[in-house]
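# Residue-level structure breakdown
Listed below, chain by chain, are the residues.
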Amino acid sequence: MVFHLSKRFTKKPFLIKLISATLSFSYLLYRMSINSTKNLDLTKGKTVPAIVIGSGLTGLTVTDILVNKYNLNNIVLIEKFGSIGGNSIKASSGISVSNSEQQHALNIDDNVDFFYKDLIKSYKLSTENPLLQKLSIDCNKAMDYLNHDIGLSLDKISQLGGHSKRRTHKSSNGMPPGFEMISSLKKRIIDNPNVDIQLKTKLIDFNIDFSNGIKTCMFMDLETGKTEKLYTDNLILATGGFSSNKNLIKNFLEAEINKPDYNSKTHDIISKELILQKLDTLPTSNGEFATGDLLEILLAKPNLNFDFKDLAEVQIHPTGFIDPKDPQNPSKILAGEQLRGNGGILINPLTGARFVNELDTRDKVTAAIFQQNIPNDRVLLVLSEKGAEYNMDTIGFYQSRGLIRKVKINELFNDEKLKEKVVSELRSYTILKNDRFGRDLKMNLFDDDLNEFSDIYVAEITPILHYTMGGISINEKGLIIDTNSDVINDGLYCAGEQSGGVHGKNRLGGCSLLESVVYGLTVGNEIGSKYNAN
C-alpha cells in the first residue's frame, strides 16, 4: 500500500509546525523538572480506601477514577521520584486502539479480531492469553475515557511495527501523547482535596492482615529518611518496570538460561545469551527510577506465594537516538516508532543498503540491526522531506537537540559508491510496489528523481533497553494471584508494566499506554464499585 500525505496535516506551514513542536517538547522538559505537588503529611491514624504506588499513567488513571468518578476521600498517591509521570510521560508514538471513531473518519478498516491476532502473534508464547485479549476488547473503553472524560482528540494515526493496521493514535496538536495524557490527568488530580500526593516517598514494605484485609504500608521520606506507617483497604502497585536495573535483568536472564528445560531457539528472536552478552553496553530509554524495587519486596515474602511471569523477557527497542554531542551517554531519547511507521527507513551506514522490514516487530528489527555487525550497532534512520514534515510534531524537538539533521546525500557520505548505493536504495524503495523485505505500508516516499544533491533527514540510532515484559502475576481484574492462580487478597492489585504475563516475548508499540489505561480503569472501577455497593 502507498499512502500520500493527507492535506489535513499540510495546512499548517512547515516552520510553524517546527516551532510548535519545539515549544511543546521544551514545555515537557520543564514540567518534568517540577519537584513538588502537595506537601501534606501522610494520613495517620485511620485506614484509607486506597493507596496507589506509582504516578505513571496507570497510577494516575486509577487515582482519577477513584476521586473523580466515585468521589472517594483520602486516596493516597505515592511517587518515589521528584515529579509525576514516570516513563509514561516520555511516550511519543501513541496509544493503539482498533475500531475507533478516528479510524472510521479515515476509512481504516480495523476491529478487535485484527488487533488480537497482531497482539498474540507478537506474544509468541501461546495461541491465547486472556490478559492480552483484554487489551483488544477494552481498548475502546480506554479511548472513550481519553476522548470524552479527559478531552484528548487523539486524531493522528500511525501504523507501528507488528501492527497490520494503522491504529496507533496521538493528537495532532503537537503534544507528545504521553505528556498530554499525564498533564491532563495531573490537572484533574493535583488540586483535588481528596488526594494526598507524596513525592520523593518510597514504599519499603507492607503486610496484610488476612482477618480484615487491611494492609499496613511502611514508607520512607527519601529526603529526610523518616519512616511512616499507613493503613489501607486497597493497595495498588503501579510502579513500572526495571529497565534501569541491569543487575536485576542479569539475574533474571541467568536464572532463565540455567533452567534445565531452557532452549534459546524456542520463541526467542534475540537469544537471552546475546542480550546478556550485550547488557553492560546497552543504553536505556528509561528514567533512573525504573529499578524494580517492588519486585525485591515481594521476592522477600515467600510465605505469600507471589507468582511472577516472564521476568527474563526484556524488550530491546531498535531505535534510540545517538546524540552527536554525547554519543556514549547510556541514557538515550527514544526515536519513536511512528518515525518509521510514517515513512522512515533504516540504512546500514557501511554498505548504504536497507536490511529489514522497518515495520516488523521490535524484536525482529533489533535482531536485524545486531546481525549487521556494525561497531556499536549504529545504523541510520532516514526520512524524506515529506516524511519529516508529516512527523514534525516530534521531529522539531529532535532537530532542536541535534538528533536529526537535514543534509544532502553527498554531504553525508564521502565514498562515491556509497552515495550511489544510498540513492539507488531510496529510489527503489520509493518506486517498487513489491518491497523486497515485505513492507506493506509506504507513505511520505522519496522523490522519484532523487539524486545525491537531494535533501534527506538523517539520525544515527542504536538499540536500547526499553521495556520489561515480566512482573507480578495478575488476573483480568488486576488482582495479584499466587502460584496456584488464587487471589492473594481481595484488595491487593497490580497494573501496568510492573505486572507480568500480558505481553509475553514482545510488546507491540502503543500498547504500554493502552495497558496502563485499560488496567487502570479496571482496577479503579473494581475498587470504586465496592464502595458504591456499600
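Along each chain, residues carry numbers from 1 onward, in the same order as the chain's sequence is written. Local features in this predicted model are restricted to residues whose pLDDT is 70 or higher, and side-chain atom pairs enter the listing and the counts only when it is 80 or higher, whereas totals over whole chains, interfaces and linings include all residues. Hydrogens are left out, water is left out, and the side-chain values use all remaining heavy atoms of the structure.

### Focus on the overall build of the chain
Secondary structure summary: the chain contains 16 helices and 20 strands in total. A compact globule built from 534 residues should have a C-alpha radius of gyration of about 24 Å, and the chain, at 23 Å, falls within 12% of that. C-alpha atoms of the chain, sized along the principal axes, occupy 75 × 55 × 45 Å. Accessibility here uses a 1.4 Å probe with only protein chains present; expressed as a share of the type maximum, an area under 20% marks a residue as buried, one over 50% as exposed, and anything in between as partly exposed. Within the chain, buried positions represent 60% of all 534 residues. Whether two residues are in contact is decided by their heavy atoms, any of which lying within 4.5 Å being enough. Considering only residue pairs separated by 6 or more positions, the chain has 77% of its internal contacts joining residues 24 or more positions apart. Residues counted as positive are Lys and Arg, residues counted as negative are Asp and Glu, and His and the chain ends are not counted. By convention, the point assigned to a charge is CZ for Arg, NZ for Lys, CD for Glu and CG for Asp. Positive and negative side-chain charges in the chain, numbering 62 and 64 respectively, have mean positions lying 3 Å apart. Going along the chain from the N terminus, every DSSP run of H or I of four or more residues is numbered as a helix, and every run of E of two or more is numbered as a strand. We compute the radius of gyration from the C-alpha atoms alone; for a globule the expected value is 2.2 Å times N to the 0.38, where N is the number of residues.

### So, empty space enclosed by the protein
Lining residues are those with an atom within 4 Å of a point, where the points come from a 1 Å grid over the protein atoms alone and group into cavities, where a 1.4 Å probe fits but cannot get out, or pockets, open sets with protein on both sides within 12 Å along at least five of seven lines. Grid points are joined across faces, edges and corners, and a volume is the space filled by probe spheres set on the points. Tallying each qualifying case throughout the model produces four cavities of 30 Å³ or more. Roughly 170 Å³ of volume is contained in the largest cavity. Surrounding the largest cavity, 18 residues form its lining, Ile270, Ile275, Val314, Asp363 and Lys505 being those nearest its centre. Looking at the lining of the largest cavity, the elements that each hand over two or more residues are α8 (272-278), β12 (314-321) and α11 (362-371). For this scheme, ten residues count as nonpolar: Ala, Val, Leu, Ile, Met, Phe, Trp, Tyr, Cys and Pro. Four count as charged, namely Asp, Glu, Lys and Arg, and the remainder, Gly too, count as polar. When grouped by side-chain class, the residues that make up the lining of the largest cavity number seven nonpolar, four polar and seven charged.

### Some details on the side chain of His163
Considering the arrangement of structural elements, one finds His163 in the loop between β5 (156-158) and β6 (168-170). By relative accessible area, which is 4% here, His163 ends up buried.

### A few points about the packing of helix α2 (residues 57-69) against helix α6 (residues 177-190)
Remark: α2 packs on α6, axes separated minimally by 10 Å, with the N-to-C direction vectors making an angle of 30 degrees. Where α2 crosses over α6, the handedness of that crossing is left-handed. Across the interface between the two elements, Leu57, Leu60, Thr61, Thr63, Asp64 and Asn68 from α2 touch Met181, Ile182, Leu185, Arg188 and Ile189 from α6. Here the axes come from fitting lines to C-alpha atoms, over the contacting stretch only for helices, and the angles between their N-to-C directions go from 0 to 180 degrees. With the far helix as reference, a near helix turned anticlockwise by less than a right angle produces a left-handed crossing, and one turned clockwise produces a right-handed crossing.

### Some remarks on the packing of aromatic side chains
For Phe, Tyr and Trp, where Trp contributes only its six-membered ring, two rings pair if their centres lie within 6.5 Å, and the inter-plane angle classes them as stacked under 30 degrees, edge-to-face over 60, or tilted in between. Enumeration according to the criterion identifies four aromatic pairs in this entry. Geometrically, the ring pair formed by Phe242 and Phe252 is edge-to-face, given 5.5 Å between the ring centres and 70 degrees between the ring planes. Of this pair, Phe242 sits in the loop between β10 (227-237) and α7 (246-257) while Phe252 sits in helix α7, and the two are 10 residues apart along the sequence. Here Phe321 and Tyr398 contribute two aromatic rings whose centre-to-centre distance is 4.5 Å and whose plane-to-plane angle is 55 degrees, an arrangement assigned as tilted. Taken together, the positions of Phe321 in strand β12 and Tyr398 in helix α13 (residues 392-400) put the pair 77 residues apart, joining distant regions of the chain. A residue is classified by how much of its surface remains accessible, and Phe321, at 2% relative accessible area, is buried. Classification of Tyr398 by relative accessible area gives buried; the value is 1%. By the ring-pair criterion, three or more aromatic residues cluster together here, those being Phe321, Phe397 and Tyr398.

### Focus: the pattern of salt bridges
Just to be clear on terms, a salt bridge is a Lys or Arg side-chain nitrogen sitting within 4 Å of an Asp or Glu carboxyl oxygen. Within the structure shown, the criterion is met by 33 salt bridges. A salt bridge links Lys80 to Asp293; the nearest nitrogen and oxygen atoms lie 2.6 Å apart. On the criterion of sequence distance, the pair formed by Lys80 in the loop between β3 (75-78) and β4 (95-96) and Asp293 in helix α9 (residues 293-299) is long-range, its members being 213 residues apart. The shortest N-O distance in the salt bridge between Lys406 and Glu385 comes to 3.2 Å. Separated by 21 residues along the polypeptide, Lys406 in strand β15 (residues 405-408) and Glu385 in helix α12 (residues 385-390) bring together distant segments of the chain. The exposure class assigned to Lys406 is partly exposed, which follows from its relative accessible area of 41%. A relative accessible area of 37% means that Glu385 is categorised as partly exposed. Each of the salt bridges in this network shares a partner with another, and the network as a whole consists of Arg354, Glu358, Asp435, Arg439 and Lys442.

### Digging into the confidence of the model for the chain
Confidence in the prediction for the chain averages 91 pLDDT; 91% of positions are at 70 or higher. Confidence drops under a pLDDT of 50 for residues 1-40, and excluding neighbours within four residues, the segment shows 79 contacts in the predicted structure. Confidence per residue, as judged by the predictor, is encoded in pLDDT with a range of 0 to 100.

### Looking at α6
Helix span, expected: 1.5 Å multiplied by one less than the number of residues in the helix. Between its first and last C-alpha atoms α6 spans 20 Å; for 14 residues at 1.5 Å apiece the expected length is 20 Å, and the two agree. Counting buried positions along α6 gives 11 out of 14 residues, so the element sits mostly inside the fold. Buried within α6 are the following residues: Pro177, Gly178, Phe179, Glu180, Met181, Ile182, Ser183, Ser184, Leu185, Lys186 and Ile189.

### Some points on the pairing of strand β2 (residues 47-53)
Most of β2 sits inside the fold, with six of its seven residues counted as buried. Pairing between strands requires that DSSP locate at least two bridges from one strand to the other. The sheet contact formed by β2 and β10 spans six bridges and is parallel. Looking across to β10, one finds that Ala50 is bridged to Asn234. Pairing geometry for β2 and β3, over four bridges, is parallel. Bridge pairing in β3 links Ile51 to Val76.

### Description of the sheet that holds β5
Taken together, three strands build an open sheet; the order of strands is β4-β6-β5 and the sheet is antiparallel. Of all the strands in the sheet, just β4 and β5 have a single pairing partner and so form its edges. Taken together, the two bridges between β4 and β6 define a ladder with antiparallel strand orientation. Counterpart to Ile95 in the pairing with β6 is His169.

### Regarding the nonpolar core
By convention a nonpolar core is built from buried Ala, Val, Leu, Ile, Met, Phe, Trp, Tyr and Cys residues, the set being connected through side-chain atoms within 4.5 Å. By size, the foremost hydrophobic cluster in this structure holds 96 residues, and its most contacted members are Ile51 and Phe206. If you tally residues by element for this core, the top one is helix α16 (residues 511-533), at nine residues. Setting aside residues no more than four positions away along its own chain, Ile51 makes contact with Val76, Ile78, Cys217, Phe219, Leu230, Thr232, Asn234, Leu235 and Ile236. Membership of the second largest hydrophobic core comes to 23 residues, among which are Phe355, Ala368, Ile374 and Met392.

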